[in-house]
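Examination of the molecular architecture
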Amino acid sequence: MPNAVFTQVKSITDQQVQPLPTPALEPGQARMAIQQFALTANNVTYAATGFDIGYWKFFPTGQDGAGLVPVWGFAEVVESQSDAAPLGQRYYGFWPMAEQVVITPAATSGKSIVDASAHRKDLPAVYNHYIPAGAASPKDAYQALLQPLIATSWLIADWLGDNSTFGAEQVIIGSASSKTGLGTCAFLKGSTKVIGLTSSGNVEFTKNLGYCDEVLTYDQIEDIPQAPSVYVDMAGNAAVKRRIHAHLGDTLKHSSAVGLSHWDQFEPPKDLAGPKPQFFFAPAQIAKRREDWGPGAVEKKIAEATQQIAMDAGRWLKIEEHNGLTAAMDAYAQLANGKSDPSVGHVVNL
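Residues numbered from 1 in each chain as written. Predicted model: local features only at pLDDT ≥ 70, side-chain atom pairs only at ≥ 80, totals over all residues. Heavy atoms only, no water.

Right, let's get into the sheet that holds strand S9 (residues 193–198). Neighbouring strands of a sheet are bound in pairs by backbone hydrogen bonds; such pairs are parallel or else antiparallel. The six strands lie next to each other as S10-S9-S8-S11-S12-S13, forming an open sheet whose pairing is parallel. In this open sheet, the two edge strands, each paired with only one partner strand, are strand S10 (214–217) and strand S13 (278–279). The pairing of strand S8 (residues 170–173) with S9 spans four bridges and is classified as parallel. The partner of Val171 across the bridge, within S9, is Val194. Against the sheet, helix H4 (residues 179–188) touches S8 and S9, its axis set at about 165° to S8. (Pairing = 2+ DSSP bridges. Helix = DSSP H or I, 4+ residues; strand = E, 2+ residues; numbered from the N terminus. Contact = heavy atoms within 4.5 Å. Axes fitted to C-alpha atoms, helices over the stretch in contact; angles between N-to-C directions.)

Remark: helix H7 (residues 282–293) packs on helix H8 (residues 297–313), axes separated minimally by 8 Å, with the N-to-C direction vectors making an angle of 120°. Between H7 and H8, the angle falls in the class oblique. Counting all contacts with H7, which are made through Ile286, Arg289, Arg290 and Trp293, the residues of H8 involved are Ala297, Val298, Glu299 and Lys301. (Parallel < 35°, antiparallel > 145°, perpendicular 65-115°, else oblique.)

Once that is clear, we can look at helix H9 (residues 325–336). For an α-helix, 3.6 residues make a turn, and residues three or four places apart therefore share a direction. Its twelve residues give H9 an end-to-end C-alpha distance of 16 Å, which sits within 8% of 16 Å, the value for a rise of 1.5 Å per residue. The buried fraction of H9 is high, at nine of twelve residues. Listed in full, the buried residues belonging to H9 are Leu325, Ala327, Ala328, Met329, Ala331, Tyr332, Ala333, Leu335 and Ala336. Remark: Gly338 follows H9 within two positions and exhibits a positive phi of approximately 70°. (Expected span 1.5 Å × (residues − 1). Buried < 20%, exposed > 50% of the residue type's maximum accessible area, 1.4 Å probe, protein only.)

Quick look at the confidence of the model for the chain now. Of the residues in the chain, 90% have a pLDDT of 70 or more, and the chain-wide mean is 87. Scored below 50 in pLDDT, residues 1–14 shows 30 contacts in the model against residues more than four places distant or in partner chains. Here residues 260–267 scores under 50 on pLDDT; set against residues more than four positions off or in separate chains, the count is 37 contacts. (pLDDT = per-residue confidence, 0-100.)

Written as structure tokens, this is what we have:
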């Protein structure tokens, strides 16, 4: 029988675009027309963990057990009953994979807003925050693609440093060819030995980026040096995790689960050698750093980190544009089925 993760992701790849009701605005609300968003393996992880972590709670459909896949991108205010969100203003942030959404904007610092809708008040603040954007630009595609992924990459590296890399001498990154994986490798390089794991077809791409000290295929797991290690799992492949734990045993100091790009090969961890895997939740590290460093400091560091990778992305990242939600479903299916080229970034225009 398919596991819950398989059912959640597969049901999305099989879906057709469905119309939903368009309710009239209530006082304080604004209607946002979604213009452009990115699709990456990150969105597959949102779907795969929709119930367990709560991603389905952000954009409920009114149907029990269902939600809309969250995406990162740009939207414009097309109708407003709120002074905080003027008509025509564009915002970058966390939207549903849909043509429009109604939010309840509340002003914060500068011209930024948060969605103060009742159903979102207890959800992680980082996902409720919307940043004003200027006129549409070709740079928007890079921001939509890279900013959320590189933010996660930087936060993983920061979290490992914050924990003295758990006493490890090397960090092993699973699915190192993913954008979150390669960003993590980039930010760790120079501070510890970085070993990237990827499929045989993506070895040369990953090596050529120069972010890893060593790149191995999944067939070469048993060649990993048996030194004190941390495993950062972007893929969620149960067989790979089991082999890494069995090979490294007590030399594995920490095992972190970040993504589920191999969602169809996921199963809950059990009877593993070494430490029990723990899920890395980026908003928790953001909250810690806000407390450590004060308001705005972690956001500034993430913006600088994103710029660092974006400046390098021109040599390896090709933007592939898709028009309309039906095309978005096709791109999502490529990602969910593991058929997307790691050098390609999928951007959907509505």
